[in-house]
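# Tertiary structure, described
Listed below, chain by chain, are the residues.
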Amino acid sequence: MSNIREAVMDLERHAAEQGWDRPLGLYALVPTADLLKAEPALASLLGIDSPVDPDELTPVEQEPLPDDVPLEEALGRILWPEDVAGCALVMERLVVKGSDETLAVGEGPVESGRETEEIRMVAGVMRDGSRHCAMRMRSHDSDSEVLNGADLIPALTSALALTLDLDEDDGGERGDRSAKG
């Protein structure tokens, strides 16, 4: 089983170090051993001087998604190559307090007329079907108050699973989609 939890929590800590009001980040999750085998010079850059755990994952940041395309549509256009073991997404949203409803991108709390909470979500999914999420609220911006779990943000992990061509109805088994539009 992959180490998706550790990869997600590392991404969450990295995002926290960068601060709030950051753009969405999309990452390929690649087994570190495979990455170092393909690119041995990366070992010193990553500070690795000993053999790595075969389950260790390295997030590789991707080009930004287009700003003018809704997230669901942008993710629907992605299909990762087989050597990518998983993927992760880091994003900030305004959530209506007391619900799981998020405000539309660009919609502020004043326009919505509702009380909101700013959150950062990190979701990751692997080809083996494993997934993990982390969520930090801006009003509780502390490492000790980060929520995390496999089923914390199911809509987001389901959307990410589709980019890996995982059929959500089969519990993570490969789907039979032949191409994406």
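For the structure itself, look to the data block above.
Cut-offs used in this document
- Residues numbered from 1 in each chain as written.
- Predicted model: local features only at pLDDT ≥ 70, side-chain atom pairs only at ≥ 80, totals over all residues.
- Heavy atoms only, no water.
- Helix = DSSP H or I, 4+ residues; strand = E, 2+ residues; numbered from the N terminus.
- Buried < 20%, exposed > 50% of the residue type's maximum accessible area, 1.4 Å probe, protein only.
- Salt bridge = Lys/Arg side-chain N within 4 Å of Asp/Glu carboxyl O.

Along the chain, the position of Pro81 falls in the loop between α4 (71-76) and β3 (86-96). In this structure, the C-alpha to C-alpha distance between Pro81 and Ala28, residues 53 residues apart in sequence, is 9.8 Å.

Here Glu72 shows up in helix α4. With a relative accessible area of 62%, Glu72 lands in the exposed category. Sequence-wise, Glu72 and Leu156 are 84 residues apart; in three dimensions their C-alpha atoms are separated by 9.1 Å.

Okay, the pattern of salt bridges next. A full pass over the atoms with the stated rule returns 12 salt bridges. The partner of Glu12 in a salt bridge is Arg120, with the nearest N and O atoms 3.6 Å apart. Separated by 108 residues along the polypeptide, Glu12 in helix α1 (residues 4-18) and Arg120 in strand β4 (residues 116-126) bring together distant segments of the chain. Taken as a pair, Glu12 and Arg120 share a single burial class, namely buried. Across the salt bridge formed by Asp21 and Arg138, the nearest N and O atoms sit 3.2 Å from each other. Residue Asp21 is located in the loop between α1 and β1 (25-31), and its partner Arg138 is located in the loop between β5 (131-137) and β6 (147-149); the two are separated by 117 residues in the primary sequence. Where salt bridges share partners, they join Glu12, Glu92, Arg120, Arg136, Asp141 and Asp143 into one cluster.

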